[in-house]
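Residue-level listing of the chains:
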Amino acid sequence: MLAPRPPALYAARKGVYPKSVDGFFRRLKWAIMAVTLAIYYITPWIRWDRGQYAPNQAVLVDLANRRFYMFQIEIWPHEFYYVVGLLVMAGIGLFLVTSAVGRAWCGYACPQTVWTDLFQHVERFFDGDRNAQIRLEKAPWGIEKISKRLSKWAVWLFIAFWTGGAWIMYFADAPTLVRDFWSGEAAPVAYATVGILTATTFVFGGFMREQVCIYMCPWPRIQTAMMDEKSLLVTYKDWRGEKRGSLKQAQANPLEFGDCIDCNQCVAVCPTGIDIREGPQIGCITCALCIDACDNVMAQIGKPRGLIDYCTLDDAVAEKSGGQATPPIKTLFRPRTIIYFGIWASIGLAMLFTLGQRTRLDLSVQPDRNPVYVRLSDGSIRNSYTLKIRNMETRPRVVDVTIDGLPGAVMWTADGSREFAKQAVNFAVAPDAVHKVRLFIAAPAEGPVRTEFGITTRARTGDERGDNDMVIFERPEAGQ
């Protein structure tokens, strides 16, 4: 006897052919898609004047020089905590949106959704709307079908190619990179990156679509932790729609049938092919196109809108028992969302404050340990230190270095001599650069074995606020 077949872990894809629809949420998706695509494709071409010593691209991840530029803001490697802060803000922002309106990020602004939506509009241009696409899919291969497929795929490939091309422009000067790319002089990693992103965009946006959302993306499986009974979700109000029946049946027996006439328009417009009337499910990305479709049908048959609408679980219980729903504004501004927003805003304000307070001059001092100290011919004790002075402005600056808290101390550099020692030295530091110098400091032998003192830097031009680093001056013990 044959053993029973194990259950399938992966369902074969069924073709999804979303129908075009018009309404508030469809127009909102149009607007968000236009804005997000414009930001992605245009941003690398925006110029920002930072002077002759820094790149003039507004947003640039300069890996070669380890810099991140965003308009007026410049992030150095040691300031990576700002990038971490942005990532934390993005995560909390996602929690905030999900707790308030479910998977609205997935339905409107997720890259997979945006590019899939764009590809679907291209598909409608060549293949027609839902019914025409289904007929074309079932039709045998012929000149018309081949020409439409090749034309559609060519446009998809063009979009996918420019998607990958736009990505690499964030990591190098865009005009220069485009010229080098087409002349064959760009780095191999640039061609590899464009190739990979072109392929993934073409496949994910053109062929996998809803499978990425249902099977590949982890967010649908963890979003329930972010939502509660007060989160607004796209909901079919079965207490109003059931029992379903055709329009003729509903008109003949108005007391027996609900408002849903079983037209399936909500299913036809869904980009993931689900039936919202079956309740919340992993395939729902909260795009709300089913609301537009249902509202249009309700308007045609003279019924009030909202058979499918944004609704919380609490409101669903209240409406089902004849009560009133909570106003959306009150639903959005509740303790949980206010706490999320407060945390999100606090991180943002803290980052803005630190950006405003940070100096554009940074100092780090490392004592040399071999030897720890040297006794000079005049009896004084010398310690040596390695200074790294970081000039974070896009101009060269002269930086003064002084000593605080070490009486009688003088200093000189490794390329100088003891004869020219003094209480302050200065260095010319190149723009956007780190100046490394070895500094000798001599002080009288009389004093504690270990003396803590400060080395201070201050620029003569630009942001004159300096930096200070506390270090130890070491002397031999008495009798040595």
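Residues numbered from 1 in each chain as written. Predicted model: local features only at pLDDT ≥ 70, side-chain atom pairs only at ≥ 80, totals over all residues. Heavy atoms only, no water.

A.B. asks: What am I meant to see in the side chain of arginine 390 here?
C.D. replies: Its location among the elements puts arginine 390 in strand E8 (residues 381–391). Engagement of the side chain of arginine 390 in a polar contact is seen with the side chain of aspartate 362, the distance being 2.4 Å. Aside from chain neighbours lying at most four places away, what touches arginine 390 is Trp76, His78, Arg360, Leu361, Asp362, Ala433 and Val434. (Helix = DSSP H or I, 4+ residues; strand = E, 2+ residues; numbered from the N terminus. Polar contact = N/O pair within 3.5 Å; in protein donor to acceptor, adjacent residues only side chain to side chain. Contact = heavy atoms within 4.5 Å.)

A.B. asks: Before we go on, may I ask you to explain the nonpolar core in this structure?
C.D. replies: Side chains of nonpolar character tend, in soluble globular proteins, to be buried together. The biggest cluster of nonpolar side chains holds 25 residues, and the ones touching the most others in it are Leu387, Ile441, Phe453 and Ile455. Every element with two or more residues in this core is listed here: strand E6 (361–367), E8, strand E9 (397–404), strand E11 (424–429), strand E12 (433–443), strand E13 (450–459) and strand E14 (467–474). With 22 residues, the next largest nonpolar core counts Ala104, Cys266, Cys294 and Val297 among its residues. (Core = buried A, V, L, I, M, F, W, Y, C linked by side-chain atoms within 4.5 Å. Buried < 20%, exposed > 50% of the residue type's maximum accessible area, 1.4 Å probe, protein only.)

A.B. asks: Help me out: how do you make sense of the packing of helix H1 (residues 24–42) against helix H4 (residues 111–127) in this one?
C.D. replies: Geometrically, a packed helix pair is captured by the angle between its two axes and the distance between the axes. Contact geometry for H1 and H4: axes closest at 10 Å, N-to-C directions at 110°. Taken together, H1 and H4 sit at an angle that is classed as roughly perpendicular. For the pair formed by H1 and H4, the contact residues are Arg26, Lys29, Trp30, Met33, Thr36, Leu37, Tyr40 and Tyr41 on the first element and Thr113, Val114, Trp115, Asp117, Leu118 and His121 on the second. (Axes fitted to C-alpha atoms, helices over the stretch in contact; angles between N-to-C directions. Parallel < 35°, antiparallel > 145°, perpendicular 65-115°, else oblique.)

A.B. asks: Help me understand the environment of glutamine 133 in this model?
C.D. replies: Of note, glutamine 133 is situated in helix H5 (residues 130–138). Residue classification places glutamine 133 among the buried residues on the basis of a relative accessible area of 4%. Sequence-wise, glutamine 133 and valine 16 are 117 residues apart; in three dimensions their C-alpha atoms are separated by 9.8 Å. What glutamine 133 contacts, discounting residues up to four positions off in sequence, is Tyr17, Glu123, Arg124, Asp127 and Gly128. At a separation of 2.9 Å, a polar atom in the side chain of glutamine 133 contacts the main-chain carbonyl oxygen of glycine 128.

A.B. asks: Hey, could you run me through the confidence of the model for the chain in this one?
C.D. replies: Close inspection of predicted coordinates is inappropriate for parts of the model with low pLDDT. Model confidence for the chain is summarised by a mean pLDDT of 88, while 97% of its residues fall at 70 or above. Averaged pLDDT values over the elements of the chain bottom out at 81 in helix H10 (residues 219–222) and peak at 95 in H1. (pLDDT = per-residue confidence, 0-100.)

A.B. asks: Honestly, the environment of tyrosine 236 in this entry has me stumped. Any pointers?
C.D. replies: With respect to the helices, strands and loops of the structure, tyrosine 236 is situated in strand E4 (residues 233–236). Separated by 42 residues in sequence, tyrosine 236 and glutamate 278 have C-alpha atoms that sit 8.1 Å apart. Setting aside residues no more than four positions away along its own chain, tyrosine 236 makes contact with Gly241, Glu242, Arg244, Cys260, Ile276, Arg277, Leu307 and Ile308. Among the polar contacts listed, one links the side chain of tyrosine 236 to the side chain of glutamate 242, at a separation of 2.8 Å.

A.B. asks: Explain the sheet that holds strand E2 (residues 67–70) here, please?
C.D. replies: Backbone-to-backbone hydrogen bonds pair the strands of a sheet. The strands run either parallel or antiparallel. Across the sheet, three strands lie side by side as E1-E2-E3; this open sheet has antiparallel pairing. Edge positions in the sheet fall to strand E1 (59–62) and strand E3 (73–75), since each has one partner strand and no second. The sheet shows a mean angle of 10° between the axes of neighbouring strands, direction not considered. Summarising the sheet, E1 and E2 pair through four bridges and their orientation is antiparallel. The residue bridging valine 61 from the neighbouring strand is phenylalanine 68, located in E2. (Pairing = 2+ DSSP bridges.)

A.B. asks: Explain the packing of aromatic side chains to me, please; I cannot follow it from the model alone.
C.D. replies: Geometrically, a pair of aromatic rings is defined through the distance of the ring centres and the angle of the planes. Following the criterion strictly, the structure yields 28 aromatic pairs and no others. Ring centres 6.3 Å apart and planes at 70° place the aromatic pair tyrosine 41 and tryptophan 115 in the edge-to-face group. You can see tyrosine 41 sitting in helix H1 and its partner tryptophan 115 sitting in helix H4, a full 74 residues away along the chain. Ring centres of tryptophan 167 and tyrosine 170 lie 6.4 Å apart, and the angle between their planes is 50°; this geometry places the pair in the tilted category. Tryptophan 167 gets classed as partly exposed once you look at its relative accessible area, which sits at 39%. Here the aromatic residues Tyr40, Tyr41, Trp115, Trp167, Tyr170 and Phe171 are joined through ring pairs into a cluster of three or more. Across from the ring centre of tyrosine 108, 5.6 Å away, lies the NZ or CZ of lysine 29, which sits over that ring. Arginine 67 extends its terminal NZ or CZ atom over the ring of tryptophan 76, reaching a point 3.5 Å from the ring centre. (Phe/Tyr/Trp six-rings, centres within 6.5 Å; stacked < 30°, edge-to-face > 60°. Lys NZ or Arg CZ within 6 Å of the ring centre and 35° of its normal.)

A.B. asks: Which parts of the structure should I look at to understand the sheet that holds E11?
C.D. replies: The sheet built from four strands is open, its strands ordered E11-E9-E13-E14 with antiparallel pairing. Both edges of this open sheet fall to E11 and E14, since each of them pairs with a single strand only. Between one strand axis and the next, the sheet turns through 25° on average, direction left out of account. Sheet topology note: the E9/E11 ladder contains six bridges and is antiparallel. By the bridge assignment for E11, arginine 397 is matched with valine 429.

A.B. asks: Just to check I follow, could you spell out the pairing of E9 for this structure?
C.D. replies: Looking along a regular strand, one sees side chains alternate from face to face of the sheet. In E9, alternate side chains face the same way, and those of Arg397, Val399, Val401 and Ile403 are buried while those of Val398, Asp400, Thr402 and Asp404 on the opposite face are not. Note that E9 and E13 share six bridges and pair antiparallel. Counterpart to valine 401 in the pairing with E13 is threonine 457.

A.B. asks: Help me out: how do you make sense of the side chain of arginine 124 in this one?
C.D. replies: Note that arginine 124 resides in helix H4. On the basis of relative accessibility, which here comes to 15%, the residue arginine 124 falls in the buried class. If we skip the residues at most four places from it in the chain, arginine 124 touches Pro18, Lys19, Ser20, Asp129 and Gln133.

A.B. asks: Would you take a moment to explain a nonpolar patch on the surface for this structure?
C.D. replies: The grouping of Ile42, Ile46, Met70, Phe71 and Ile73 at the surface amounts to a nonpolar patch, some 370 Å² of accessible area in total. Relative to the helices and strands, isoleucine 46 resides in the loop between H1 and E1. The exposure class assigned to isoleucine 46 is partly exposed, which follows from its relative accessible area of 32%. (Patch = residues over 30% accessible without salt bridge, like charges linked within 9 Å, V, L, I, M, F, W, Y side chains within 5 Å. Areas by Shrake-Rupley, 256 points an atom, 1.4 Å probe, with all protein chains shown as cover. Salt bridge = Lys/Arg side-chain N within 4 Å of Asp/Glu carboxyl O.)

A.B. asks: Please explain helix H8 (residues 188–208) as it appears in this structure.
C.D. replies: An α-helical segment advances 3.6 residues per turn. Residues three or four places apart therefore align on the same side. Its 21 residues place the ends of H8 28 Å apart at the C-alpha level, agreeing with the 30 Å of an ideal helix rising 1.5 Å per residue. All of the buried residues along H8 are Ala190, Val194, Thr198, Thr201, Phe202, Gly205 and Gly206. What you see down the axis of H8 is that its buried residues fit within an arc of 95°, all on one side. Residues Pro188, Val189 and Ile196 are exposed on H8 and point more than 90 degrees away from its buried face. On its buried face, H8 is in contact with H4, helix H6 (143–168) and helix H7 (174–183). Once H8 ends, the next one or two residues include arginine 209, with phi positive near 45°. (Expected span 1.5 Å × (residues − 1). Arc of directions from axis to C-beta.)

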